Amino acid sequence: MATPSLAMIPSGYKASKVYSVLPESGVGDFDFTRATTATRVNSSGLIEEMAINVPRLEYPLIDGVVNGCPSLLLEPQATNVIINSNVFTPNSNVILNTDNSISPDGTLNASKVTANSGTSLKLVDTNGASSGTYRFSVFAKKNTHNIIQLGGGGIVGHANFNLETGEYSSGGFMENYGNGWYRCSLQFSAGTPTSHYVSFSDSLSANRLSTSVSTGSFFLFGMQSETTSYTTSYIPTNGSAVTRNAETCNGAGDADTFNDSEGVLMAEISALANDLTNRTIALSDGTTSNTVRIQYLTVSNSIWATVTNIGAGGNQAILQYTSSDITTNSKVSIKYKENDFSLWVDGFEVATDTSGVTFSANTLNTLQFDRGNGNENFYGNTKQLQYYNSALTDSELETLTSWTSFSDMANGQQYSII
Amino acid sequence: MANEIYYTSWWGSPEKIGWGSIYFDFNNPLTREYEARVIADGGTIEAIGCVNNADFN
């Protein structure tokens, strides 16, 4: 197997930089920006705040336990409009005890919500909510009560969540954060609620704002309301809305790193959501005129690999693959060579093109998590990125994009092994 | 001699499995060089085992 001339395995970082393992000179290191703080899941499985411009290595949680190598997490801008993300307002039918339990950030700052006796609407509320299409989320943990409801005040829309079994009703979603904590979320597509609520529910099929007979309790931490179609990393707030700025990661390599006539770009990646946006990793000349790209795009669950040489007439190869789910990890490689282009995904050659040219000498000079010109930023998880300055054989490409074992595949795609 | 202070210690040649295994450096040369470069530059290293286990390493 050939040795890559550039390889980034998420493992080394400092403010404004993501280190590449190869080349050893450091010319393959990435420039990184994010003008605000942000949170991640660290190697202990806890939510941790990272300083301005510090890249985030996000550790995968499988059934709530860290399992496997971290990914470089790159996210778009998002704003949590709930001005006090960890302050809950109880109605008269519940009792709130703050700083009562260890939260997913590892400190004693989760609140316990206990229902009074009797049949009534039992909920906690928060001020602040987004409008239009947005997503509401909260971390919740069962104590002696296990079914809750999330909704928006004044508009239709709710979902119910079982904090014991991990089941949820239509429209909801749950992520297991370990130690009994789940991040429960719900998307709203229209309307302008004045607030969000978390209420006691007696069943997964309970109607919106139903009364409850429960006298038990559960724990809450960290609410978020953001104008995204999916839940992004937790943005703590304390008195005002907080924006996490978008991240950029680019500028790896130089003209000596890349071969203009042939090569292979490999990425082990997953999308944050199937949100029908362009998200691109590109080898380029710093423009969109000469590029070798791997990208998610506006077609559902599609992975595209393209080679573009505008001076030679435009796209030289467009290779498309439809994944079952782009939010699970895939090992993707594009091979480029005159009249010999191919796309490999998870051990299989899925598309080829036998007509097209590549680039003149000293054209390709940068590898970026965007389209080459700062647009179509790649927002997703990257477990590894490699570049080979020669066209690998089919056997090598099969090896490069294959899972090395059953457990490697299961962990890589974040499946539970039962 | 009792209470004698040794200014240097020699831990022999640790083996991966066997004597001195707790001192054995499991990282290969590329991993070690990468780790040294990052630390010398003031960076932070995490999950170095993932580098050591990379297909190309």
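In this report, we go over the structure that sits alongside the text. (Residues numbered from 1 in each chain as written. Chains lettered and ligands numbered in written order. Predicted model: local features only at pLDDT ≥ 70, side-chain atom pairs only at ≥ 80, totals over all residues. Heavy atoms only, no water.)

## Regarding the state of the cysteines
One pass over the structure, following the stated rule, counts one disulfide over all chains. Paired through a disulfide, A:C69 and B:C50 show a sulfur-sulfur distance of 2.0 Å. What sets the handedness of the A:C69 and B:C50 disulfide is the S-S torsion sign, and at about -105° it is left-handed. Taken as a pair, A:C69 in the loop between β9 (65-66) and β10 (71-74) and B:C50 in helix α2 (residues 48-52) lie in two separate chains rather than in one. Judged by relative accessible area, A:C69 falls into the partly exposed class, the value being 30%. Just so you know, A:C249 is unpaired, no disulfide at all, and the nearest cysteine sulfur is the one on B:C50, 17 Å from it. Using a relative accessible area of 1% as the deciding quantity, one classes A:C249 as buried. (Disulfide = S-S within 2.5 Å. Helix = DSSP H or I, 4+ residues; strand = E, 2+ residues; numbered from the N terminus. Buried < 20%, exposed > 50% of the residue type's maximum accessible area, 1.4 Å probe, protein only.)

## Things to note about the interface of chain B and chain A
Taken together, the contacts link 17 residues of chain B with 23 residues of chain A. When chain B packs against chain A, the two sides together hide about 1800 Å² of surface, and 53% of this comes from carbon and sulfur. Of all residues in chain B, the largest losses of buried area upon contact with chain A belong to B:R37, B:E46 and B:F56, amounting jointly to 38% of the total for that side. Between chain B and chain A we count four salt bridges in total. One can count 13 residue pairs in polar contact (both at pLDDT 80 or more) joining chain B with chain A. Going through the elements one at a time, α1 (29-40), β1 (44-45) and α2 of chain B are the ones with two or more residues in the side of chain B that touches chain A. (Contact = heavy atoms within 4.5 Å. Buried area = accessible area lost by both parts, 1.4 Å probe. Salt bridge = Lys/Arg side-chain N within 4 Å of Asp/Glu carboxyl O. Polar contact = N/O pair within 3.5 Å; in protein donor to acceptor, adjacent residues only side chain to side chain.)

## So, helix α1 (residues 394-401) of chain A
Residues and elements named next belong to chain A. Among all positions in α1, only L397, L400 and T401 are buried. Summarising the axial view, the buried residues of α1 lie within an arc of 85°, below the 170-degree limit, and thus occupy one face. Elements in contact with the buried residues of α1: β25 (262-271), β30 (330-337), β31 (341-345), β32 (348-353) and β34 (380-388). (Arc of directions from axis to C-beta.)

## Quick word on the sheet that holds strand β28 (residues 302-309) of chain A
Residues and elements named next belong to chain A. The antiparallel open sheet is built from five strands, whose spatial order is β29-β28-β27-β26-β33. Edge strands, defined here as strands with exactly one partner in the open sheet, are β29 (314-322) and β33 (366-368). Neighbour-to-neighbour, the strand axes of the sheet open up by a mean angle of 10°, direction not taken into account. Of the pairings in the sheet, the one linking β28 to β29 comprises eight bridges and is antiparallel in character. From the neighbouring strand, S302 faces β29, where its bridge partner is T322. (Pairing = 2+ DSSP bridges. Axes fitted to C-alpha atoms, helices over the stretch in contact; angles between N-to-C directions.)

## Looking at the nonpolar core
Residue and element names in this part refer to chain A. Formed by 39 residues in total, the largest nonpolar core has its most connected members in F30, Y336, L367, F369 and L385. If one sorts the elements of this core by residue count, β25 sits on top with four residues. Residues contacting F369, with those up to four places away along its chain left out, are M8, F30, L72, L74, C249, N250, T280, I281, N377, F378, T382 and L385. One finds A140, I148, I155 and F200 within the second-largest nonpolar core, a separate group that totals 26 residues. (Core = buried A, V, L, I, M, F, W, Y, C linked by side-chain atoms within 4.5 Å.)

## Remarks on the pattern of salt bridges
All names here are of chain A. This structure, assessed with the given rule, holds 13 salt bridges over all chains. Among the ionic pairs, E48 bridges to R40, the shortest N-O distance being 2.9 Å. Judged by relative accessible area, which is 28%, E48 ranks as partly exposed. For the salt bridge of E247 with R56, the shortest nitrogen-to-oxygen distance reads 3.0 Å. One end of the pair, E247, is in the loop between β23 (242-244) and β24 (248-250); the other, R56, is in strand β7 (residues 56-58), and 191 residues separate them in sequence. Considered together, E247 and R56 belong to a single accessibility category, that of buried residues.

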